[in-house]
Amino acid sequence: MAITLMTRMQHGTDSDVAKIAASVVGGLLLAGLQLMHSVLDSLLIFGAITLGRADLGEWVRWFVPTVLLNVVGGVLLVTLLRLVRSKELIADARR
C-alpha cells in the first residue's frame, strides 16, 4: 500500500520537489514501520544465505506466500481501483 500510495503521489504532480518528498516518505514508511517488501526482504534473506545463517528453502517458504499476497494486493489495490475510476472517466469522455 505504501508503494502504491507513493507511486500515485508521484504521478499526480509535476513538481520535482513533491516527487522527491513522496519518495523519501515512502522509504521512511518502508524502513521505519518495518513493512514487508519482497525485493528488500529477499536481499536480506540472500545475505543470510551467503553468511550460512539461512538456506534457500527458508526463502522459498517465505517467497511463495509473499508473491501470492502481492498479486492479490496488486489486483485489489491497483487494478480494481483503476477500473472503478476509469468507469467514470470513460463515461465522461463518451458524453
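Everything below is about the structure printed above this text.
All of these numbers come straight from a predicted model, not from anything done at the bench. (Residues numbered from 1 in each chain as written. Predicted model: local features only at pLDDT ≥ 70, side-chain atom pairs only at ≥ 80, totals over all residues. Heavy atoms only, no water.)

A. Fine view of a nonpolar patch on the surface. Together, M1, V67, V71, V72, V75, L76, L77, L80, L81 and L83 make up an exposed nonpolar region whose accessible area comes to about 890 Å². Looking at where L76 falls in the secondary structure, it is placed in helix α4 (residues 56-94). (Patch = residues over 30% accessible without salt bridge, like charges linked within 9 Å, V, L, I, M, F, W, Y side chains within 5 Å. Areas by Shrake-Rupley, 256 points an atom, 1.4 Å probe, with all protein chains shown as cover. Salt bridge = Lys/Arg side-chain N within 4 Å of Asp/Glu carboxyl O. Helix = DSSP H or I, 4+ residues; strand = E, 2+ residues; numbered from the N terminus.)

B. Helix α2 (residues 16-32), seen in detail. Under the 1.5 Å per step criterion, the end-to-end length of α2 is 24 Å for 17 residues, consistent within 8% with the ideal 24 Å. For α2, the full list of buried residues reads A22, G26 and L30. Projected onto a plane normal to the axis of α2, the buried residues spread over an arc of 65 degrees and lie on a single side. Seen from the open side of α2, the exposed residues pointing more than 90 degrees away from its buried face are V17, I20, L28, A31 and G32. Buried residues in α2 make contact with α1 (2-11) and α3 (38-50). (Expected span 1.5 Å × (residues − 1). Buried < 20%, exposed > 50% of the residue type's maximum accessible area, 1.4 Å probe, protein only. Arc of directions from axis to C-beta. Contact = heavy atoms within 4.5 Å.)

C. Representation of the packing of aromatic side chains within the structure. Following the criterion strictly, the structure yields 3 aromatic pairs and no others. Residues W59 and F63 carry aromatic rings whose centres are separated by 4.6 Å and whose planes lie at 20 degrees to one another, so their mutual orientation is stacked. Here W59 pairs with F63, and both are found in helix α4, just 4 residues apart, close to one helical turn. F63 gets classed as partly exposed once you look at its relative accessible area, which sits at 26%. Here the aromatic rings of W62 and F63 are separated by 6.0 Å at their centres, their planes lie at 45 degrees, and the arrangement is tilted. Exposure remark for W62: the relative accessible area of 18% places this residue in the buried category. An aromatic cluster is defined as three or more aromatic residues linked by ring pairs; in this entry it consists of F46, W59, W62 and F63. (Phe/Tyr/Trp six-rings, centres within 6.5 Å; stacked < 30°, edge-to-face > 60°.)

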